[in-house]
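What follows is each chain in one-letter form.
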Amino acid sequence: MTMNPPTRKTYNANFTDEKYRLFLEKLGDASPAKIEFRVAETPVFLTDDFRDKLITAGNDIVKTILQPDFKELTKRAIPEKWNVANENDHPHFIALDFGVCKDASGNIVPKLIELQGFPSLFGFQVFLGDAYKEVFDLPDDLSIYFSGLDKETYIELLKKTIVGPYRPDEVVIMDVNAPHQKTAVDFYLTEKLIGTPVVSLSDLKQDGKKLFYELNGERKYIKRIYNRLIFDEIEGDPDIFNHVVDIRQPLDVEWITHPNWFYRVSKFTMPFLTGDHIPKTRFLDQVTDVPADLENYVLKPLFSFAGQGVIIDVTAQDIATIKDPENWILQEKVNYEPVVQAPDGGVKVEVRLLYLWPNGDEKPTLAINLSRLSRGKMIGVRYNQDFDWVGGTIAFARI
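Residues numbered from 1 in each chain as written. Predicted model: local features only at pLDDT ≥ 70, side-chain atom pairs only at ≥ 80, totals over all residues. Heavy atoms only, no water.

## Brief notes about the environment of Gly346
Here is step 1: Structurally, Gly346 is set in strand E16 (residues 345-356).
Here is step 2: The contacts of Gly346, once residues within four sequence positions are left out, are Pro338, Val340 and Gln341. (Helix = DSSP H or I, 4+ residues; strand = E, 2+ residues; numbered from the N terminus. Contact = heavy atoms within 4.5 Å.)

Next comes the structure, spelled out in structure tokens:
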């Protein structure tokens, strides 16, 4: 079974290696930073039916995050040493990763893989969608945006979320070593879209409770930090806050989004979710009877990212040797269906729905998406190094 056969058939028939080279060239020319990850030869084309299933599944999950007791449910999610002061009331970004799967009746359905209260490639995806559309001459009625947005209104919503009432130079895009991150291309393309400068953690200077950075010898006081720093990246340097500003302390700055939401909306949330699109998930310390069919489960550490520490082929011995079961989840395995037809066979797909939630809005808005193609055992670079028609991409749906 394939995804949107008519569009796929036309795309594949017109695909050439030369077009793909031009596409990568166009994408590369848009940013001063090199693209450090593989971009796939094709976008994903969603059927109307699957698009609607994704939206419904996303809405159901967002309802849980909107519950009044959500903070209480997730307070244990935040590691004590990474608990940052001045947390706000909601995440400004939500990312929901869905595997494209087949149900018992043979229907193509979305299954939640993971979720994040953290930004993704909100800038890069705009340029990626434009490049696919232009180089591969995609139909005008296909869009990468949701909720009635187009490119112009999407950028307005992005700016409203990140910059808000401030000047762009009063807001910074910050990561631990921003120019050298794999996602640096997104930082600089976001700067191109909304004008916010890119800085590293070491560029932040403190003046009382205020933060500033220096530009051409001038102090620029920071009102907001568009945070791209994940604490896992500095976990291995226990002395880091002896050399840079300790961003965990109470500071006179707004976080977009506050670092605590990275933990609250995460794998930790999975056991609280229900529905057909949610794989059965339990905290390991609450598993009283180990399932007899462990081959249908995966074991995931709560406090890791990018697939690190995941045990795919779980055994009873694996479970028995875990010393902190409260920090692990046992999750029903999700089997991806190879629904995208490449020239030489099917490819597996993951679609990440990306939501923006600016201050003042009652709830998040589904805005854009990110997709990934895989032929390996898991979605991710390390599992797909020897393949083509894999990597980062974007999904188009009819509007």
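## Structural notes on the sheet that holds strand E11 (residues 254-256)
Here is step 1: A sheet is described by the order of its strands in space; here four strands give the open sequence E6-E5-E10-E11, paired in parallel fashion. Edge positions in the sheet fall to strand E6 (198-200) and E11, since each of these pairs with one other strand and no more. Between one strand axis and the next, the sheet turns through 35 degrees on average, direction left out of account.
Here is step 2: Strand direction decides the pairing type here: strand E5 (residues 171-175) and E6, joined by three bridges, are parallel. Paired with Met174 across the two strands is Val199, which belongs to E6.
Here is step 3: Against the sheet, helix H6 (residues 151-162) touches E5, strand E10 (224-227) and E11, its axis set at about 120 degrees to E10.
Here is step 4: Running at roughly 175 degrees to E5, helix H7 (residues 184-194) makes contact with E5, E6 and E10 of the sheet. (Pairing = 2+ DSSP bridges. Axes fitted to C-alpha atoms, helices over the stretch in contact; angles between N-to-C directions.)

## A short note on the pattern of salt bridges
Here is step 1: Counted by the stated rule, this structure contains 31 salt bridges.
Here is step 2: Between Asp48 and Arg51 there is a salt bridge, with its nearest N and O atoms 3.6 Å apart. Taken together, the residues span about one helical turn, with Asp48 and Arg51 both in helix H3 (residues 48-65) at a distance of three residues.
Here is step 3: The exposure class of Arg51 is buried, given its relative accessible area of 17%.
Here is step 4: As a salt-bridge pair, Asp186 and Arg228 come within 2.7 Å of each other at their nearest N and O atoms. Here Asp186, found in helix H7, pairs with Arg228, found in the loop between E10 and E11; they are 42 residues apart in sequence, far enough to count as distant.
Here is step 5: Taking relative accessible area as the criterion, Asp186 reaches 0% and is therefore assigned buried. (Salt bridge = Lys/Arg side-chain N within 4 Å of Asp/Glu carboxyl O. Buried < 20%, exposed > 50% of the residue type's maximum accessible area, 1.4 Å probe, protein only.)

## A few points about the packing of aromatic side chains
Here is step 1: For the coordinates displayed, the defined rule picks out 23 aromatic pairs.
Here is step 2: Where Tyr11 meets Phe136, the ring centres are 5.0 Å apart and the plane angle is 40 degrees; that geometry is what we call tilted. Taken together, the residues Tyr11 in helix H1 (residues 5-14) and Phe136 in the loop between helix H5 (124-135) and strand E4 (142-143) connect sequence positions 125 residues apart. For the pair Tyr11 and Phe136, one class covers both residues: buried.
Here is step 3: Arranged with centres 4.6 Å apart and planes meeting at 10 degrees, the rings of Trp82 and Phe231 form a pair that is stacked. Of this pair, Trp82 sits in the loop between helix H4 (70-73) and strand E2 (93-102) while Phe231 sits in the loop between E10 and E11, and the two are 149 residues apart along the sequence.
Here is step 4: A relative accessible area of 6% places Trp82 in the buried class.
Here is step 5: Here the aromatic cluster, defined as three or more aromatic residues joined through ring pairs, consists of Tyr11, Phe15, Tyr20, Phe23, Phe45, Tyr132, Phe136 and Trp389.
Here is step 6: Between the NZ or CZ atom of Arg76 and the centre of the ring of Phe283, over which it lies, the distance is 5.4 Å.
Here is step 7: Lying over the aromatic face of Trp261, Arg264 brings its terminal NZ or CZ to 5.8 Å of the ring centre. (Phe/Tyr/Trp six-rings, centres within 6.5 Å; stacked < 30°, edge-to-face > 60°. Lys NZ or Arg CZ within 6 Å of the ring centre and 35° of its normal.)

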